[in-house]
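The primary structure of each chain is shown beneath.
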2 protein chains.
Amino acid sequence: MPASDPDDIASLAHAVRISCMRVARRVRFDADNTVAPHLFSVLARLAEEPRTVGELACIEKVSAPSMSRAVAQLVEPGLVERHSDEHDGRLVRLSLTDAGREVVRTERARRDAWMTERLEGLSAEERDVLRRATAILESVVDL
Amino acid sequence: MPASDPDDIASLAHAVRISCMRVARRVRFDADNTVAPHLFSVLARLAEEPRTVGELACIEKVSAPSMSRAVAQLVEPGLVERHSDEHDGRLVRLSLTDAGREVVRTERARRDAWMTERLEGLSAEERDVLRRATAILESVVDL
DNA sequence: ACAGGTCGTTGCGTTGGCTAATGAGATAAA
DNA sequence: TTTATCTCATTAGCCAACGCAACGACCTGT
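Residues numbered from 1 in each chain as written. Chains lettered and ligands numbered in written order. Predicted model: local features only at pLDDT ≥ 70, side-chain atom pairs only at ≥ 80, totals over all residues. Heavy atoms only, no water.

Within an unreviewed UniProt entry, the label attached to chain A reads DNA-binding transcriptional regulator, MarR family, and the organism entered is Ornithinimicrobium cerasi.

A. Region of interest: the sheet that holds strand β3 (residues 92–96) of chain A. Residue and element names in this part refer to chain A. Pairing is antiparallel across the open sheet formed by 3 strands, whose spatial order is β1-β3-β2. Both edges of this open sheet fall to β1 (51–52) and β2 (80–84), since each of them pairs with a single strand only. Where β2 meets β3, 5 bridges bridge the pair, whose relative direction is antiparallel. Paired with Arg82 across the strands is Leu94, a residue of β3. The strands touched by helix α2 (residues 37–48) are β1, β2 and β3; relative to β3, the strand with the most contacts, the crossing angle is about 95 degrees. (Pairing = 2+ DSSP bridges. Helix = DSSP H or I, 4+ residues; strand = E, 2+ residues; numbered from the N terminus. Contact = heavy atoms within 4.5 Å. Axes fitted to C-alpha atoms, helices over the stretch in contact; angles between N-to-C directions.)

B. Spatial organisation of the protein's contact with DNA strand D. Looking at DNA strand D, there are 22 residues lining it, with Ser63 and Ser66 of chain A together with Gly54, Ser68 and Arg82 of chain B nearest. Near the protein, within 4 Å, the atoms of DNA strand D are sugar or phosphate in 77% of cases. Within the backbone of Gly89 of chain A, one N or O atom sits 3.3 Å away from a sugar or linking oxygen of DNA strand D. Val53 of chain B has a polar backbone atom sitting 3.3 Å from a phosphate oxygen of DNA strand D. When residues of the surface near DNA strand D are traced back to their parent elements, those giving at least two are α4 (64–75) of chain A together with α3 (53–59) and α4 (64–75) of chain B. Considering each element in turn, the surface near DNA strand D owes the most residues, 4 residues, to α4 of chain A. (Near = heavy atom within 4 Å. Polar contact = N/O pair within 3.5 Å; in protein donor to acceptor, adjacent residues only side chain to side chain.)

C. Quick peek at the protein's contact with DNA strand C. Taken together, 22 residues surround DNA strand C, and among them Ser68 and Arg82 of chain A together with Ser63, Ser66 and Arg69 of chain B come closest. The sugar-phosphate share of atoms of DNA strand C within 4 Å of the protein amounts to 60%. A distance of 2.4 Å separates a phosphate oxygen of DNA strand C from a polar atom in the side chain of Arg82 of chain A. Class assignment for the residues of the surface near DNA strand C results in 7 nonpolar, 9 polar and 6 charged. (Nonpolar A, V, L, I, M, F, W, Y, C, P; charged D, E, K, R; others polar.)

D. Representation of the sheet that holds strand β3 (residues 92–96) of chain B. Residues and elements named next belong to chain B. Within the open sheet, the 3 strands sit side by side as β1-β3-β2. Their pairing is antiparallel. In this open sheet, the two edge strands, each paired with only one partner strand, are β1 (51–52) and β2 (80–84). Strands in contact with helix α2 (residues 37–48) are β1, β2 and β3; relative to β3, the strand with the most contacts, it is inclined by about 95 degrees. Running at roughly 115 degrees to β2, α4 makes contact with β2 and β3 of the sheet.

E. Representation of the pattern of salt bridges. Summed over all chains, the structure comprises 30 salt bridges over all chains. Notably, a salt bridge pairs Asp98 of chain B with Arg101 of chain B, separated by 2.9 Å at the nearest N-O pair. Within this pair, Asp98 of chain B and its partner Arg101 of chain B are both found in helix α5 (residues 98–119), separated by 3 residues, close to a single helical turn. Using a relative accessible area of 61% as the deciding quantity, one classes Asp98 of chain B as exposed. For Arg101 of chain B, a relative accessible area of 44% puts it in the partly exposed group. Overlapping salt bridges bring together Arg25 of chain A together with Arg45, Glu48, Glu49, Arg51 and Glu60 of chain B as one network. (Salt bridge = Lys/Arg side-chain N within 4 Å of Asp/Glu carboxyl O. Buried < 20%, exposed > 50% of the residue type's maximum accessible area, 1.4 Å probe, protein only.)

F. Representation of the environment of Val80 of chain A in the model. Residues and elements named next belong to chain A. As for its placement among the helices and strands, Val80 is situated in strand β2. The buried category is assigned to Val80, whose relative accessible area is 4%. Along the primary structure Val80 and Gly100 are separated by 20 residues, whereas in three dimensions their C-alpha atoms are 6.2 Å apart. Each residue touching Val80, except ones within four places of it in the same chain, is listed here: Leu43, Leu46, Leu74, Val75, Leu94, Ser95, Leu96 and Thr97.

G. Layout of the nonpolar core. By size, the foremost hydrophobic cluster in this structure holds 40 residues, and its most contacted members are Val16, Leu119 and Leu130 of chain A together with Val16, Leu119 and Leu130 of chain B. For this core, the secondary structure elements donating two or more residues are α1 (6–30), α5 (98–119) and α6 (124–142) of chain A together with α1 (6–30), α5 and α6 (124–142) of chain B. What Leu119 of chain B contacts, discounting residues up to four positions off in sequence, is Ile9, Leu12, Ala13, Val16 and Val140 of chain A together with Arg127 and Leu130 of chain B. (Core = buried A, V, L, I, M, F, W, Y, C linked by side-chain atoms within 4.5 Å.)

H. Fine view of α6 of chain A. Along its 19 residues, α6 of chain A runs 27 Å from first to last C-alpha, staying within 8% of the 27 Å computed at 1.5 Å per residue. Among all positions of α6 of chain A, only Arg127, Val129, Leu130, Ala133, Thr134, Ile136, Leu137, Val140 and Val141 of chain A are buried. (Expected span 1.5 Å × (residues − 1).)

I. Structural detail: the pairing of β3 of chain A. As paired elements, β1 of chain A and β3 of chain A share 2 bridges and run antiparallel to each other. Looking across to β3 of chain A, one finds that Arg51 of chain A is bridged to Leu94 of chain A.

J. Just the relation of the copies chain B and chain A, in detail. Each copy of the sequence occupies a distinct position, and chain B is placed on chain A by a rotation of 179 degrees and an axial shift of 0.5 Å, giving an RMSD of 1.1 Å. In short, the pair behaves as if placed about a two-fold rotation axis. In terms of C-alpha distance to the rotation axis, chain B has Cys20 of chain B as its closest residue, with the C-alpha 2.4 Å off the axis. Same-surface contact between copies: 100% of interface residues of chain B are shared with the interface of chain A. (Least-squares fit on C-alpha atoms with pLDDT ≥ 70 in both.)

Listed below in structure tokens is the structure:
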């Protein structure tokens, strides 16, 4: 049986990649963002847990100076707080303010709304396929 | 039956969105690109079929001037050709050169390689789920 | 105490995005 | 046919985000 046909897997890989990239693209575009995409990305990271500038720069794959500026833009409107580390004066601990958490919450709701709207047009079977697919994709990415 | 449970759809929407965005993110970061991302995106569109500057700008959701510059950057190294339209002198028909097609081919191979590698670890059933899921996602995005 | 390393910030050049304005060509009306 | 208008692509000029280089502040090891 052709279950492991290499060519088949390659074409599937292409299809999966294209689909995911298109979805991500649409989500980013359709959301007329309150916060700039790269700034929201930082907020989302800080929503997980407090971090330093260097950690954020590494996670977001940008240089330390770029992240430093991004953080400054989030501190200015009061979405992020700076705290100096007790044991190491060089470090700047960053965390969300209540306002920052609220921005993350509403922005996520808006992004999910776009997808929800489109999924409502699907059949129960199609949604079940997607449900199983997301579980598989998560395991693949986490790898 | 709970097939249309609104809450269920919302949580699925969130899961789908997150999965797709994570995959897209990983693909973008892991590929140390030969061609800049926004330029490759244009090449990929032209690989589908020849288009005009305006069409590309619309598809890629950028302004006409931005697309004009991007096209110029692709024409300069000989990846894209300009042809004036026979019936309408204002239009600039754009198409890939052989070199352009080669760039698309190798770049896609490199991007797909990451995904292929991970999909090889899956079972035939899991791959089938992904195959059906991509078809569904395409229809959802095209909507 | 001091030399070297790390963390964050600032200065500067590059690049891609936008809007406004321009030029070339099509199109419709007088 | 001539003129006005509209469309497409490009140019000009500005802004935002990035990276690199350089710096100041602060730890760490000798």
